[in-house]
Amino acid sequence: MTILDGKALSNKIKEEVKADVVKLQKEKGVTPGLAVVLVGSDPASAAYVNMKSKACKEAGIYSIVHEMPDTISQDKILEILAMMNKNPNIDGILVQLPLPKHVDTTAILEAIAPKKDVDGFHAYNTGRMNLGLDSFIPATPYGVMELLKEYNIDPQGKDVCVVGASNIVGKPMSTLLLNANATVTTCHIYTKNLKEHTLKADIICVGVGKVNLITEDMVKDGAIVVDIGINRLDNGKLVGDVDYEKVAPKCSYITPVPGGVGPMTIAMLLKNTIKAAKLREESKLND
Ligand code: NAD
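I will try to describe carefully the structure that is included in this document. (Residues numbered from 1 in each chain as written. Predicted model: local features only at pLDDT ≥ 70, side-chain atom pairs only at ≥ 80, totals over all residues. Heavy atoms only, no water.)

Let us now look at the sheet that holds strand β2 (residues 33-39). Strands sit in the order β3-β2-β4 across an open sheet of three strands; the sheet is parallel. What marks the edges here is a single partner per strand, and that holds for β3 (62-68) and β4 (92-95). Direction aside, the axes of adjacent strands within the sheet are offset by 15° on average. Alignment of β2 against β3, held across seven bridges, turns out to be parallel. Across the sheet, the residue bridging to L34 is S63, located in β3. Where helix α2 (residues 43-59) meets the sheet, its contacts fall on β2, β3 and β4, and the angle it forms with β2 comes to roughly 170°. (Pairing = 2+ DSSP bridges. Helix = DSSP H or I, 4+ residues; strand = E, 2+ residues; numbered from the N terminus. Axes fitted to C-alpha atoms, helices over the stretch in contact; angles between N-to-C directions. Contact = heavy atoms within 4.5 Å.)

Here we take up the nonpolar core. I61, L177 and C205 are the most contacted members of the largest nonpolar core, which has 50 residues in total. In contact with C205, other than residues within four places in its own chain, are V144, C161, V162, V163, M173, L177, V226 and I228. Counting 19 residues, the second largest nonpolar core, distinct from the first, contains A35, I90, V95 and L99. (Core = buried A, V, L, I, M, F, W, Y, C linked by side-chain atoms within 4.5 Å. Buried < 20%, exposed > 50% of the residue type's maximum accessible area, 1.4 Å probe, protein only.)

This paragraph deals with a nonpolar patch on the surface. Side chains of Y48, M51 and I230 sit close together on the surface and give an oily, nonpolar patch of about 250 Å² of accessible area. Examined against the element boundaries, I230 turns out to sit in the loop between β8 (224-227) and β9 (231-232). (Patch = residues over 30% accessible without salt bridge, like charges linked within 9 Å, V, L, I, M, F, W, Y side chains within 5 Å. Areas by Shrake-Rupley, 256 points an atom, 1.4 Å probe, with all protein chains shown as cover. Salt bridge = Lys/Arg side-chain N within 4 Å of Asp/Glu carboxyl O.)

Glancing now at the packing of aromatic side chains. In the structure shown here, the tally under the stated rule is one aromatic pair. With centroids separated by 6.2 Å and ring planes inclined at 70°, the aromatic side chains of Y151 and Y253 adopt a geometry described as edge-to-face. With a gap of 102 residues between them, Y151 in the loop between α6 (139-150) and β5 (159-163) and Y253 in strand β11 (residues 253-254) connect regions that are remote in the sequence. A relative accessible area of 22% means that Y151 is categorised as partly exposed. Cation over ring: K275 sits above F136, and NZ or CZ is 5.9 Å from the ring centre. (Phe/Tyr/Trp six-rings, centres within 6.5 Å; stacked < 30°, edge-to-face > 60°. Lys NZ or Arg CZ within 6 Å of the ring centre and 35° of its normal.)

Attention shifts here to the site of the ligand. Neighbouring the ligand are 20 residues, the closest being A165, S166, I189, I230 and T265. A distance of 3.4 Å separates an oxygen atom of the ligand from a polar backbone atom of G209. Contact distances for the ligand include 2.7 Å between an oxygen atom and a side-chain N or O atom of T265. For the ligand, whose free accessible area comes to 870 Å², the fraction covered by protein is 72%. Of all the elements, helix α10 (residues 261-286) adds the most residues to the shell around the ligand, at three residues. A per-class count over the shell around the ligand returns 10 nonpolar, nine polar and one charged. (Near = heavy atom within 4 Å. Polar contact = N/O pair within 3.5 Å; in protein donor to acceptor, adjacent residues only side chain to side chain. Nonpolar A, V, L, I, M, F, W, Y, C, P; charged D, E, K, R; others polar.)

Attention now goes to the environment of E150. Along the chain, E150 falls in helix α6. Distance from E150 to N85, taken between C-alpha atoms, is 34 Å for residues 65 residues apart in sequence. Apart from the residues lying within four places of it in its own chain, the contact partners of E150 are L9 and K12.

Across the 10 residues of helix α7 (residues 170-179), seven count as buried, placing the element largely inside the fold. Residues of α7 that are buried make contact with α5 (123-130), α6, β5, β6 (183-187) and β7 (203-206). Following α7 by one or two positions, N181 adopts a phi angle in the positive range, close to 70°.

So, about the packing of α6 against α7. Direction vectors running N to C along α6 and α7 enclose 40°, while the axes themselves pass 9 Å from each other. In terms of axis orientation, α6 runs oblique to α7. The way α6 lies across α7 gives a crossing that is right-handed. Residues P141, Y142, V144, M145 and L148 of α6 touch α7, and the partners they reach there are P172, M173, L176 and L177. When the residues that make up the contact of α6 with α7 are grouped by side-chain class, the tally is nine nonpolar, no polar and no charged. (Parallel < 35°, antiparallel > 145°, perpendicular 65-115°, else oblique. Left-handed = near helix turned anticlockwise from the far one by under 90°.)

These figures come from the coordinates and say nothing about function on their own.
Given below as structure tokens:
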């Protein structure tokens, strides 16, 4: 069994990003900038935003966090996003999810300029990704694809079971794997017999948010298991959706939690921010 080491690959990508930032500054006089919108006081969201800001700082990317109270109106968020869309120092904008219930998430995501949509959640980027065209790719599934590539795992022709079908994890994961010519089955809360599907899979990618959802009896020998889930236990320990200790010995490859997909997500966000900065540079040239 080989561990898919997301921490190691993410460090390598972060170094590449750092070098790219220096190059952009030297050659074009551009410092990439990322704006993060954090609404409310959810501690997990605040922790993710902190990690993203810290990673930006380390890579030399300029980053600002707009913190807003739970009670903020949707119109006010839209107003702030409109300002960021126009701000020439901001290349990428991301809104940390989930948003409070009174806010329409789709309306907020659609208000981000597609060329600054570094999370890749805008319908423009989702549509382009579906068509296999150049776009911003959501960082988590993008990170999974890069991790597979690093270990020379080609999804082409493989039976893949994606468990979880959210707009930000499961659906884009399935799309990217389909675009890579895998045979993809997407499972979700209404799937009748999850085990029936996971047992057939050469690759299982699970992103649900349920401790021990994937147990040893659900995984065939030699399968590749990618655990996207993040769950915090009462004792503070972070675990994924896979019963790691029992499942790992059956696998040819498996991601640990932490140290698998999580660090890749941050690295790919930085990569998307560099992409946005380059787009800004190109659009200046076209003016
Ligand atoms: P979500 O709640 O929006 O979606 C969960 C999905 O799981 C839904 O499609 C639902 O139908 C499905 N589901 C729920 N119970 C199920 C069950 N018993 N069997 C099969 N499917 C089931 O969550 P999300 O935002 O997609 O996040 C999913 C998980 O991924 C969470 O643990 C989240 O913390 C984690 N996550 C990790 C990263 C990372 O960087 N590693 C990034 C984003 C999200």
